[in-house]
Amino acid sequence: MDERQPFRSAVLLLVWSWLLLLVLLPNLLVIAASFATRDPQDFLSLPVTLESYQRLINPLYLGVFTHSLYMAAMTTLLCLLIGYPFAWALSRVDKRWQTLLMILLIVPFWTNSLVRTYAIKLLLASNGLINNLLQSVGLIDAPITMLYTEGAVIAGLVYLLLPFMILPLYTVFEDLRDDLLQASHDLGAGRMATFVRVVIPLTLPGVIAGVLLVLLPAMGMFYVADVLGGAKNLLVGNVIKNQFLDARDWPFGAAASVLLTVAMAVLILAYGLSRRRIGQETVE
Amino acid sequence: MNQTLLSLRGISKHYGGRAVLKALDLDILDGEFLTLLGPSGCGKTTLLRLLAGFERPDSGTLTLSGQDITSIPPERRPLNTVFQQYALFPHLTVAGNVAYGLRMEKRPEAEIAQRVTEALAMVQLAELAERKPHQLSGGQQQRVAIARAVIKRPKLLLLDEPLSALDYKLRRQMQIELKRLQRELGITFVFVTHDQEEALSMSDRVVVLRDGEVQQLGTPREVYERPTNLFTARFVGETNLFPATVKAINGDRIALDVRGLSRDLRKPTFQVSVGEQVNVLLRPEDIRVLAADADYGFAGTVIERNYKGSTLDSLIRLEDGNEVLASEFFDEDDPAFDYSLGEQVRVSWVDGWEWMLPVANGDAAGALDG
Amino acid sequence: MSRWLPRIYLMLVYALLYVPILVLIIYSFNDSRTGYRWGGWSLRWYQALFDNHAMVQAMWNSLWLALAAATVSTVIGGLTALALHRYQFRGKQALRGMLFVVMMSPEIVLAISLLAMFLVVGLQLGFVSLLLAHVTFCLPFVVITVMARLSGLDERLLEAARDLGAGEFTTVRTILVPVMMPALLAGWLLAFTLSLDDVVVSTFVSGPSYEILPLRIYSMVRVGLKPEVNALGSLLLVFSLAMLVLSQFILMRNKR
């Protein structure tokens, strides 16, 4: 302990000061700002008020929020519906192929999501590839409007976030041993009963982790709505961005951000509980 | 040679409330080959780690040549370790591994190069100096680990089950080589093993450990032939145990009733009184198997025969149901030597080859059979 | 269930994931200026890209930022992983928790908290604010990458080094860092890519003095379709893929 003390202390000091100054303190500031009074000049100004939170439920914003929540929920649901069977199938693929398939799956994590959003735009635009194809085949006469719709935003979000749903699901399906299913069948459960009573409970932590990784970004990725959604299909992220950068209404933007953080905390809690239920350790 | 190099006084160590070492005292002599022998969990590895400095004792002191080293960190202790899985640095070459300790001492490169060459020559690895550890066989990695540890000319070399990862043949070869090295270098070796054969064949002295306590400290011969308790007796080799009752004491002889047989034997070193129970211990090689018509010994039936190369082991079930293991050297001229399974025989031993122990708590027959 | 049904399904989803990327890359070579009809192969959009001075400047800016952010976050993340793995200290759980929160937080939450901090301390938005922000969001990913390898590390290597006379710092420098090099490189590459691709956090904490590539792309793609973006996007995708392949190669080759 004597000899390693200086180095050890230096390491801990560096790490702690970074996290305190750039994670803890900034977040406390946002929480503080959410209770401050609006003032375009100063970031924080008195008196302390709940006004920002009240404005969150103002019909104007409430509409935006519920619409954003609806799009995020649809995105999550679609990701789950596509990803669940996908992860199951992937976990049962020959081991030799799994490494390659996994790499193909994490590619999106490494590639620019803005560029991939733009690629979707390329497909959906009225003069884009899908319309061109359909027209040249003669299925349609005039281009269908796909861009700048709610559907385009959801499609973009699903496209960007699907891998984040699949990865945690894949992990739980990897751990789901075949003998458990066989045991269930052996004890008289049919396919459906086994699925409901064994597969779902054991993969639930993966589902919740996937929801956690999809639902929140789906509310925050403002550029997807910007590129694909037009003015009508805003996400919570767009509201926060507009309030912070354009309207300079920091307390309001901060309050919206706190709301997202609370949603995250709830989801993390649910994830921890679902893991504890099947006897795994709690959140790392 | 007989001077104390390292002395341990009242060393205790606990892990989460469990005592791993209990107020241990031990003197390690300069230049000796000392083996810490015991079953897994006996505290021998913890003891070694305490000597190396990776662990601190909860209480007690370590004194090396008169200097208290209890709180000195491992990098400043003049002793080195050969690790169980060798712990060779995977990113360094063989030469780089061996040179590491000297680099830490900031020796001039010329000296390092020369001493590395010498050390590698000593372990017969001169031509592999530029290989990486993963390109070596287990035995070669072992040699690198030894060269790396001895190059700093430590006063004491600690070896943590260094041969456990090798196969039987290589193990025998390395045992001989380690002995040779120890003689040539004149370094004190503290060797940890759970293999009693290895301990007996290599050591000057053996420390038998159990549950963090020293059971016996002595030469291999003392430990094997004159164990101080049943645990040591059974741990260092196969043992036949005959409970007996003292019938009479006549000067330096005592009369015993050994399972109904009367024997007149040399008086043991511990106090005995008439009517007391004692244990008579006999190594399998001290047992004599006699023809069924012999007029002494216990009658029994051969129930198992195991050919062991130079010896023949027989398991004989006595009439009272107890079993005796006998190990005999081949005598091709003896026509009576070959017994068959199920044959009736008698077993006995030559007076004076037995070893007696007082009956202690927990010695109930079979309690320590392992 | 048939053996083929799951496989067909897998292929279908992979196709969905990759078709837009392929289309983007193919169209980046399209000679046609306007519509999305095929006008023959051409490199004109790549040419246009490199002729655009501001664009090239933004590329360099992004590259420098990513290099700096990846290097700083690898150093700090590596040290954090070391501390979490090797030292016992008070608040260890809190530290883990904070890293976990950074990783799980929606980027926008992180972005405004950092902006708030910079506003309060009066830091000019530009290279420094971008660097601090990028290092912060890269940190947990580097820590995770390095921790994964540290957990498989043979502790005896470090003990052997100390046994041979190395102090704590020397042990870290001569044994731990070289042995951890593959994980540190993989972490560096990941941080580099994350930094290069970030839009959300950069939108908040960048200033006019330091324009970076993702924000330039962002301003270009908000309205309409721009053929240069096809070329730029393709370059970025190929670059990121190269990074990924490189990092997988490093990690696998060193698994032994």
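What you see is a predicted model; the values in this text were computed from it and never measured.

> Would you mind showing me how to read the overall build of chain A here?
The helix and strand tally for chain A stands at 12 helices and zero strands. A burial count over chain A gives 51% of its 284 residues as buried. A separation of at least 24 residues holds for 67% of the contacts in chain A among residues at least 6 apart in sequence. A total of about 12,900 Å² of accessible surface is found on chain A, and carbon and sulfur atoms cover 68% of it.

> Quick question: what am I supposed to make of the overall build of chain C here?
Counting secondary structure elements, chain C contains 11 helices and zero strands. Counting from the amino terminus, helix and strand elements in chain C follow one another as α-α-α-α-α-α-α-α-α-α-α. Projected onto its principal axes, the C-alpha coordinates of chain C cover approximately 70 × 60 × 35 Å. Sequence-distant contacts, at least 24 apart, represent 71% of the contacts inside chain C between residues at least 6 apart. Surface exposure of chain C reaches about 10,800 Å², of which carbon and sulfur atoms provide 68%. Each charge class in chain C was averaged separately, 19 positive and 12 negative side chains, and the resulting centres sit 6 Å apart.

> Mind showing me how you'd approach the interface of chain C and chain B here?
By convention, interface size is frequently given as the accessible area that disappears when the constituent parts associate. Chain C puts 20 residues into the contact, and the matching count from chain B is 23 residues. In total, chain C and chain B occlude about 1,900 Å² of area from one another, counting both sides; carbon and sulfur atoms represent 61% of this. Per-residue buried area on chain C facing chain B is highest for C:Arg156, C:Asp163 and C:Leu164; these three make up 38% of the total on that side. At the boundary of chain C with chain B, the tally comes to three salt bridges. Residues C:Arg156 and B:Asp160 are paired through a salt bridge, measuring 3.3 Å at the closest nitrogen-oxygen approach. In this structure, the connection of chain C to chain B is made through eight residue pairs in polar contact (both at pLDDT 80 or more). Of all elements in the fold, only helix H7 (155-163) and helix H8 (168-197) of chain C reach the threshold of two or more residues within the side of chain C that touches chain B.

> Please explain the nonpolar core as it appears in this structure.
Nonpolar side chains tend toward joint burial in soluble globular proteins. Among the nonpolar cores identified, the biggest contains 221 residues, and A:Tyr223 and B:Leu8 are the most heavily contacted of them. A per-element tally of this core places helix H7 (residues 150-175) of chain A first, with 14 residues. The contact partners of B:Leu8, leaving out residues within four places of it in the chain, are B:Leu24, B:Asp25, B:Leu26, B:Ile28, B:Leu47, B:Leu51, B:Thr61 and B:Leu62. If you look at the next biggest cluster of nonpolar residues, it comprises 37 residues, including B:Ile146, B:Ala147, B:Leu157 and B:Leu163.

> Which parts of the structure should I look at to understand the interface of chain A and chain C?
The partner chain C presents 93 residues to the 83 residues of chain A that form the contact. Summed over both sides, the interface between chain A and chain C buries roughly 7,900 Å², with carbon and sulfur atoms accounting for 79% of that surface. Among the residues chain A hides against chain C, the three largest losses belong to A:Trp18, A:Trp110 and A:Tyr118. Together they make up 11% of the total. The interface formed by chain A and chain C contains zero salt bridges. Run the count over chain A and chain C and you get 10 residue pairs in polar contact (both at pLDDT 80 or more). The greatest single-element share of the side of chain A that touches chain C, amounting to 19 residues, is contributed by helix H1 (residues 5-34) of chain A. Per-class residue counts for the side of chain A that touches chain C are 62 nonpolar, 12 polar and nine charged.

> What is the right way to look at the sheet that holds strand E19 (residues 344-349) of chain B in this model?
Whether parallel or antiparallel, the strands of a sheet pair through hydrogen bonds between backbone atoms. Residue and element names in this part refer to chain B. Ordered by their spatial adjacency, five strands build an open sheet running E15-E19-E16-E17-E18, and the pairing between neighbours is antiparallel. This sheet does not close on itself; its edge strands, each paired only once, are strand E15 (287-291) and strand E18 (323-329). The average angle at which neighbouring strand axes cross in this sheet is 45°, direction not considered. In the sheet, strand E17 (residues 311-318) pairs with E18 via seven bridges, with the strands oriented antiparallel. Across the sheet, the residue bridging to Ser314 is Ala326, located in E18.

> Teacher, can you tell me more about the pairing of strand E13 (residues 261-266) of chain B here?
Each regular strand displays side chains that alternate between the two surfaces of the sheet. Residues and elements named next belong to chain B. Sheet analysis places strand E12 (residues 253-258) next to E13, joined by six bridges and oriented antiparallel. Counted as the bridge partner of Leu256 is Arg263 from E13. Following E12, the chain reverses through two residues before pairing antiparallel with E13; Arg259 in that reversal takes a positive phi of roughly 45°.

> What is the right way to look at the confidence of the model for chain C in this model?
Where the model shows low pLDDT, its predicted coordinates should not be examined in detail. Across chain C, the average pLDDT comes to 86, with 96% of residues at or above 70. As a predicted assembly, this complex carries a pTM of 0.78 together with an ipTM value of 0.83.

> Please clarify how the side chain of A:Asp226 should be interpreted in this entry.
Inspection of the secondary structure assignment puts A:Asp226 in helix H10 (residues 222-229). Using a relative accessible area of 17% as the deciding quantity, one classes A:Asp226 as buried. A distance of 3.5 Å separates polar atoms of two side chains, one belonging to A:Asp226 and the other to A:Asn238. Only 2.2 Å separates the side chain of A:Asp226 from the side chain of C:Tyr218, close enough to count as a polar contact. Filtering out sequence-adjacent residues up to four positions away, A:Asp226 remains in contact with A:Asn238, A:Lys241, C:Tyr218 and C:Arg222.

> Got a minute to help me understand the pattern of salt bridges in this structure?
Charged atoms that come close allow side chains of opposite charge to pair. Taken as a whole and assessed by the stated rule, the structure comprises 30 salt bridges over all chains. Measuring nitrogen to oxygen at the nearest pair gives 3.4 Å for the salt bridge that ties C:Glu211 to C:Arg216. With a relative accessible area of 33%, C:Glu211 lands in the partly exposed category. When salt bridges that share partners are traced, they join B:Glu105, B:Arg107, B:Glu111, B:Arg115 and B:Lys152 into one network.

> What's the story with the packing of helix H4 (residues 95-110) of chain A against helix H1 (residues 4-27) of chain C in this structure? I'm lost.
A pair of packed helices is characterised by two quantities: the angle between their axes and the separation of those axes. H1(C) packs onto H4(A) with a crossing angle of 40° between their chain directions and a minimal axis gap of 11 Å. When the axes of H4(A) and H1(C) are compared, the pair comes out oblique. Pair H4(A) / H1(C) crosses with left-handed handedness. Side by side, H4(A) and H1(C) meet where A:Leu101, A:Met102, A:Leu104, A:Leu105 and A:Val107 of the first sit next to C:Tyr14, C:Leu17 and C:Tyr18 of the second. Of the residues assigned to the contact of H4(A) with H1(C), the class counts are eight nonpolar, no polar and no charged.

> Before we go on, may I ask you to explain the pairing of strand E11 (residues 240-250) of chain B in this structure?
Residue and element names in this part refer to chain B. Sheet topology places E11 next to strand E14 (residues 277-282); six bridges connect them, and they run antiparallel. Its bridge partner being in E14, Thr245 is matched across the sheet by Gln277. Judged from the six bridges that link them, E11 and E12 form a sheet pairing that is antiparallel. Across the sheet, residue Ile249 finds its bridge partner in E12, namely Ile254. Turn length for the E11-E12 hairpin, with the two strands adjacent in sequence and antiparallel, is two residues, and the turn residue Gly251 shows positive phi of about 65°.

> Honestly, the packing of aromatic side chains in this entry has me stumped. Any pointers?
Describing an aromatic ring pair means giving the distance of the ring centres and the angle of the ring planes. In the structure shown here, the tally under the stated rule is 23 aromatic pairs over all chains. Considering the side-chain rings of A:Phe244 and C:Phe204, the 6.4 Å spacing of their centres and the 65° angle between planes classify their relative orientation as edge-to-face. In this pair, A:Phe244 is assigned in helix H11 (residues 236-246) and C:Phe204 in helix H9 (residues 200-205), connecting two distinct chains. You can call C:Phe204 buried: its relative accessible area is 1%. Joined through ring pairs, the aromatic side chains of A:Phe222, A:Tyr223, A:Phe244, A:Trp250, C:Phe204 and C:Tyr218 make up one cluster. Between the NZ or CZ atom of B:Arg148 and the centre of the ring of B:Phe89, over which it lies, the distance is 4.6 Å. Across from the ring centre of B:Tyr224, 4.1 Å away, lies the NZ or CZ of B:Arg283, which sits over that ring.

> Help me understand the environment of C:Phe141, please; the structure alone is not making it clear to me.
Within the fold, C:Phe141 resides in helix H6 (residues 127-150). Beyond its immediate sequence surroundings of up to four residues, C:Phe141 is in contact with A:Phe109, C:Met103, C:Leu190 and C:Leu194.

Calculation criteria
Residues numbered from 1 in each chain as written. Chains lettered and ligands numbered in written order. Predicted model: local features only at pLDDT ≥ 70, side-chain atom pairs only at ≥ 80, totals over all residues. Heavy atoms only, no water. Helix = DSSP H or I, 4+ residues; strand = E, 2+ residues; numbered from the N terminus. Buried < 20%, exposed > 50% of the residue type's maximum accessible area, 1.4 Å probe, protein only. Contact = heavy atoms within 4.5 Å. Areas by Shrake-Rupley, 256 points an atom, 1.4 Å probe, with all protein chains shown as cover. Lys, Arg positive; Asp, Glu negative; His and termini not counted. Charge placed at Lys NZ, Arg CZ, Asp CG, Glu CD. Buried area = accessible area lost by both parts, 1.4 Å probe. Salt bridge = Lys/Arg side-chain N within 4 Å of Asp/Glu carboxyl O. Polar contact = N/O pair within 3.5 Å; in protein donor to acceptor, adjacent residues only side chain to side chain. Core = buried A, V, L, I, M, F, W, Y, C linked by side-chain atoms within 4.5 Å. Nonpolar A, V, L, I, M, F, W, Y, C, P; charged D, E, K, R; others polar. Pairing = 2+ DSSP bridges. Axes fitted to C-alpha atoms, helices over the stretch in contact; angles between N-to-C directions. pLDDT = per-residue confidence, 0-100. Parallel < 35°, antiparallel > 145°, perpendicular 65-115°, else oblique. Left-handed = near helix turned anticlockwise from the far one by under 90°. Phe/Tyr/Trp six-rings, centres within 6.5 Å; stacked < 30°, edge-to-face > 60°. Lys NZ or Arg CZ within 6 Å of the ring centre and 35° of its normal.

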